[in-house]
Amino acid sequence: MTAAEIRPLAVGEERVAFELLGRSLHATVTDEVWECRAGSFPAERRFAAFAGGDPVGVAGSFATRLAVPGGKALPAAAVDGVGVRADHTRRGILTALMAAQLEDCARRGDVVAVLHASETTIYGRFGYGVATRSQALRVTRAALRPDAPAGGAVRLLSTAEARDVVPRLYAGPALRPGMIERPDVWWSYARHRLIGEHQVAVHTGPDGDDGFVLYRTEDVRTFDHPNTGAVLTVRDLHAADTRALAGLWRFLLRVDLVSEIRAPGRPLGDPLRTVLTDPRAAAVTGLDDELWLRLVDVPAALAARTYGPGEPVVVEVSDPLLPSNTGRYRIGPEEVRTTAAEPELRMAPDVLAMLYLGDALPSALAAAGRIEVADAAALPRADTLFPVPVPPWCGTPF
Ligand SMILES: CC(C)(COP(=O)(O)OP(=O)(O)OC[C@H]1O[C@@H](n2cnc3c(N)ncnc32)[C@H](O)[C@@H]1OP(=O)(O)O)[C@@H](O)C(=O)NCCC(=O)NCCS
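Residues numbered from 1 in each chain as written. Predicted model: local features only at pLDDT ≥ 70, side-chain atom pairs only at ≥ 80, totals over all residues. Heavy atoms only, no water.

- Per an unreviewed UniProt entry, the recorded name for the chain is Acetyltransferase, and the organism is Amycolatopsis thermophila.
- Under the heading Subunit (unreviewed entry), UniProt records this for the chain: "Homohexamer; trimer of dimers."
- The chain has a UniProt comment under Sequence similarities (unreviewed entry) that states "Belongs to the acetyltransferase Eis family." (UniProt positions renumbered as here; feature names shortened; annotations may be inferred.)

## Here's the deal with the sheet that holds strand E4 (residues 73-84)
Step number 1: A sheet is described by the order of its strands in space; here seven strands give the open sequence E1-E2-E3-E4-E5-E14-E6, paired in mixed fashion. Two strands bound the open sheet, and with one partner strand each, they are strand E1 (5-8) and strand E6 (129-130).
Step number 2: Where helix H8 (residues 349-356) meets the sheet, it contacts E4, E6 and strand E14 (292-295), and its direction lies at approximately 115° from that of E14. (Pairing = 2+ DSSP bridges. Helix = DSSP H or I, 4+ residues; strand = E, 2+ residues; numbered from the N terminus. Contact = heavy atoms within 4.5 Å. Axes fitted to C-alpha atoms, helices over the stretch in contact; angles between N-to-C directions.)

## A closer look at the domain arrangement of the chain
Step number 1: In terms of domains, the chain is made up of domain 1 (5-110), domain 2 (135-288) and domain 3 (298-385).
Step number 2: With 14 residues of domain 1 at the interface, the matching set in domain 2 holds 13 residues.
Step number 3: Carbon and sulfur atoms supply 70% of the area that domain 1 and domain 2 bury against each other, a total of about 1100 Å² over both sides.
Step number 4: When the buried surface of domain 1 facing domain 2 is broken down by residue, Cys36, Phe62 and Ala67 rank first, second and third, together holding 39% of it.
Step number 5: Inspection of the domain 1/domain 2 interface yields zero salt bridges.
Step number 6: Across the domain 1-domain 2 interface, the total number found is five residue pairs in polar contact (both at pLDDT 80 or more).
Step number 7: Counting residues per element, the ones that place at least two in the side of domain 1 that touches domain 2 are helix H2 (31-37) and strand E3 (54-67).
Step number 8: The dominant element in the side of domain 1 that touches domain 2, judged by the number of residues it contributes, is E3, at six residues.
Step number 9: Residues that form the side of domain 1 that touches domain 2 fall into these classes: nine nonpolar, three polar and two charged. (Domains from an automatic or database assignment. Buried area = accessible area lost by both parts, 1.4 Å probe. Salt bridge = Lys/Arg side-chain N within 4 Å of Asp/Glu carboxyl O. Polar contact = N/O pair within 3.5 Å; in protein donor to acceptor, adjacent residues only side chain to side chain. Nonpolar A, V, L, I, M, F, W, Y, C, P; charged D, E, K, R; others polar.)

## Some details on the site of the ligand
Step number 1: Taken together, 19 residues form the shell around the ligand, and within it Val84, Arg90, Gly92, Thr95 and Ser118 come nearest.
Step number 2: Take Arg90: an N or O atom from its main chain is 2.6 Å from an oxygen atom of the ligand.
Step number 3: Residue Gly92 places a main-chain N or O atom 2.8 Å away from an oxygen atom belonging to the ligand.
Step number 4: Protein contact buries 72% of the 880 Å² of open area that the ligand shows by itself.
Step number 5: Elements with a minimum of two residues in the shell around the ligand: E4 and helix H3 (93-108).
Step number 6: Partitioning the shell around the ligand into residue classes produces seven nonpolar, eight polar and four charged. (Near = heavy atom within 4 Å. Areas by Shrake-Rupley, 256 points an atom, 1.4 Å probe, with all protein chains shown as cover.)

Shown next as structure tokens:
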């Protein structure tokens, strides 16, 4: 148990809390940095731990919406800015901040909370599970197939234009489960950092602008390798369809003096490889957890998504951190309701979160010992209910 005082951050305490966060992440907060970040670091929705009058821990969130299978977008807390001062770690400060934050989310009506984890061993204990994954691609000597969608025109924007156009082009939750809305508080920093530090290209399809890419190039020529050219890194790429995606990649592949394109954080099943003459020209160099999800209101979350066809399953969830979630749920395509029936599958909230957006297969989690199986006949049923045809993906850093 921590001796620090845990309370909401007060207006006026934002900068000291941000400096503490910077220190925990090995970053220095100068006046210039704070000028860029102040708009994205309001006191609202932020909790801090204080010891001796100084902040020694902080955890915040911003309000957004998360797309779930079936097309609904649920009120969500996007957890960000989590850090504990190095001389106060491992005393339960994060645990206390997480508990305060989850209660606050529940009170505000957030159905879910989401985050990106700096380390994978931290958040499972608080009921977060890996709900989406992403892959990193290294693209070299690639060409689009002759039968790849032609795509439309691509134009480069000035920074000022991009700050206006890109936020309007980001379609977010309308596109696929796992995506979130990007509210003003998110754009406030992204306008400086993401847009200000990248080239921005926009694709125009038959109905107007329908995709964009933010990228930067780095000259990697050296004395020994004077002809290597530059590495182009894709930071943010969203396209309404494969046509727009192919159009944007056609443009990227034609940028001169580039020897390699790196595209981290792309969705699983990214269609890029299917439109290349040589799929291996886009090598998968990494596969990682992307969005971590916490179901804050389990009954509301379960009822909000759609399920595959088949007979229902009875799942028992036990949630010591948010006890009102503890219960038995009959989950099926027609309805989800609480039940007194004997549970067929038992799981912790982090495991339910792994199933929720359709990324993980129930039978695989059961085989790994993450789901307790009371009735094995329920597993094939669960395997048809939870999965989704297009892998969920967030694609928004925060
Ligand atoms: C990660 C961090 C916030 C944890 O804060 P903390 O106050 O030390 O966490 P707690 O004391 O509440 O720890 C709770 C549990 O998580 C474990 N834990 C905490 N951080 C961990 C880490 N980085 N790796 C593995 N386990 C960790 C603790 O060992 C403890 O386990 P226990 O209950 O079995 O003893 C802190 O180490 C930190 O600020 N790290 C640098 C910044 C960072 O990574 N922020 C997260 C951004 S997503």
